[in-house]
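Overview (structure and organization)
Spelled out from the first residue to the last, the chains are:
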Amino acid sequence: MTLLTVWPDSDPGTVLTRTDVPSEIAVELKRLGVRYENWPVVEGLSATPTSEEVLAAYRAQVDRVVETEGYILVDAMHMTPSDDPEWVEGAAAARKKFLAEHTHDDDEDRFFARGAGVFYLHVEGKVFGILCEAGDLLSVPANTTHWFDMGTTPDYVSIRFFHDDDGWVGNFTGSAIALSFPTFDTLMAGRHS
């Protein structure tokens with residue numbers, strides 16, 4: 001289930017809002033111009049599904065989003081834990097890149113078919129942490145300052161939507177703010193304690 005946590009951007013120790021009530025989350029995110037949906041999770045995807053398998057499993061929902069939002073590139077990717085040193089190194093490098101605060105010239109739409117990740121939106125003098133889990137679709141509007149944490153052992157399958165062929169292109173702010181706020185691992189541990 002999705003979890004929204006809001007902090008002042010100058011005080012990560014003070015929680016202004018914390019809710020896992022979907023209707024409350026939807027209202028707050030809509031106010032920020034963020035589209036949030038929850039889709040039924042399709043069971044039976046393999047541990048390392050191909051992009052084609054994931055897109056086929058969610059074809060009706062993907063087609064609806066493409067039609068209503070005008071996306072031209074859609075793919076799916078997975079991060080599935082492995083003891084392979086190359087995977088460990090690659091996952092750590094990807095996490096470090098996504099943890100750096102940035103914006104995009106395009107909306108960033110992600111659907112989680114498996115696993116979880118946290119999008120942190122830095123707007124209105126606050127940080128909005130949205131812990132997305134399987135079934136969640138989140139659309140971060142273009143030019144919204146944010147970062148993403150997939151944790152120290154990433155494990156998720158996501159569908160990505162793009163308006164152009166360039167895919168994921170980040171415009172990094174150079175701020176170290178992301179290092180001050182609770183991580184994915186911290187939020188998940190607190191959620192299940």
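What you see is a predicted model; the values in this text were computed from it and never measured.

Turning next to helix α5 (residues 184-191). Regarding α5, the residues found buried are Phe-184, Leu-187, Met-188 and Arg-191. All buried residues of α5 lie within an arc of 95° about the axis, which places them on one face of the element. Against the buried residues of α5 lie β1 (3-8), β2 (17-19), β6 (108-123), β7 (126-133) and β9 (146-149).

Counted according to the given criterion, the structure contains eleven salt bridges. Where Arg-31 meets Glu-28, a salt bridge forms, and the shortest distance between an N and an O atom there is 2.7 Å. Linking Arg-31 with Glu-28, this pair stays in helix α1 (residues 22-31), spanning three residues, or about one helical turn. The class for Arg-31 is partly exposed, based on a relative accessible area of 44%. The shortest N-O distance in the salt bridge between Glu-37 and Arg-64 comes to 2.7 Å. Placement of Glu-37 in strand β3 (residues 35-38) and of Arg-64 in helix α3 (residues 59-69) is noted, with a sequence separation of 27 residues between them.

Tracing the sequence through the fold places Val-15 in the loop between β1 and β2. Looking at Val-15, the relative accessible area reads 46%, which means it is partly exposed. Sequence separation between Val-15 and Thr-48 is 33 residues, and the spatial gap between their C-alpha atoms is 36 Å. Other than its neighbours up to four places away in sequence, Val-15 contacts Thr-5, Val-6 and Trp-7.

On the surface, a cluster of negative charge is made up of Asp-83, Asp-84, Glu-86 and Glu-89. Position of Asp-84 among the secondary structure elements: in the loop between β4 (73-79) and α4 (85-99).

Time to look at the confidence of the model for the chain. Here the chain shows a mean pLDDT of 93. Residues at 70 or above account for 97%. Mean pLDDT across the elements of the chain bottoms out in strand β11 (residues 171-172) (84) and peaks in β7 (98).

Of note, Val-21 is situated in the loop between β2 and α1. Separated by 166 residues in the primary sequence, Val-21 and Leu-187 place their C-alpha atoms 16 Å from one another.

For the rest of this paragraph, the subject is the side chain of Thr-144. When you line up the elements, Thr-144 lands in the loop between β8 (136-140) and β9. With a relative accessible area of 12%, Thr-144 lands in the buried category. Beyond its immediate stretch of four places on either side in the chain, Thr-144 contacts His-102, Thr-103, Leu-121 and Val-123.

The next thing to look at is the packing of aromatic side chains. Applying the stated criterion to the full structure yields 13 aromatic pairs. Ring centres of Trp-39 and Tyr-58 lie 6.3 Å apart, and the angle between their planes is 35°; on these two criteria the pair is classed as tilted. Here Tyr-58 lies in the loop between α2 (51-57) and α3 and Trp-39 lies in the loop between β3 and α2, a separation of 19 residues in the sequence. Of the two residues examined, Trp-39 and Tyr-58, each falls in the buried class. Ring centres of Tyr-71 and Phe-161 lie 5.5 Å apart, and the angle between their planes is 50°; on these two criteria the pair is classed as tilted. Residue Tyr-71 is located in the loop between α3 and β4, and its partner Phe-161 is located in strand β10 (residues 156-162); the two are separated by 90 residues in the primary sequence. Comparing Tyr-71 with Phe-161 shows no difference in burial state: the two are buried. The structure contains a cluster of three or more aromatic residues connected by ring pairs, namely Phe-98, Phe-112, Phe-119, Phe-148 and Tyr-156.

It is worth spelling out the pairing of β8 at this point. The buried fraction of β8 amounts to five of the five residues, a majority that puts the element mostly inside the structure. Residues of β8 alternate between two faces, with Asp-136, Leu-138 and Val-140 on one and Leu-137 and Ser-139 on the opposite face, all of them buried. Relative to β8, β3 runs antiparallel, the two sharing four bridges. When the bridges of β8 are listed, Asn-38 appears paired with Asp-136. Taken together, the four bridges between β6 and β8 define a ladder with antiparallel strand orientation. Bridge pairing in β8 places Asp-109 opposite Ser-139.

Conventions used here
- Residues numbered from 1 in each chain as written.
- Predicted model: local features only at pLDDT ≥ 70, side-chain atom pairs only at ≥ 80, totals over all residues.
- Heavy atoms only, no water.
- Buried < 20%, exposed > 50% of the residue type's maximum accessible area, 1.4 Å probe, protein only.
- Helix = DSSP H or I, 4+ residues; strand = E, 2+ residues; numbered from the N terminus.
- Arc of directions from axis to C-beta.
- Contact = heavy atoms within 4.5 Å.
- Salt bridge = Lys/Arg side-chain N within 4 Å of Asp/Glu carboxyl O.
- Patch = residues over 30% accessible without salt bridge, like charges linked within 9 Å, V, L, I, M, F, W, Y side chains within 5 Å.
- Areas by Shrake-Rupley, 256 points an atom, 1.4 Å probe, with all protein chains shown as cover.
- Lys, Arg positive; Asp, Glu negative; His and termini not counted.
- Charge placed at Lys NZ, Arg CZ, Asp CG, Glu CD.
- pLDDT = per-residue confidence, 0-100.
- Phe/Tyr/Trp six-rings, centres within 6.5 Å; stacked < 30°, edge-to-face > 60°.
- Pairing = 2+ DSSP bridges.

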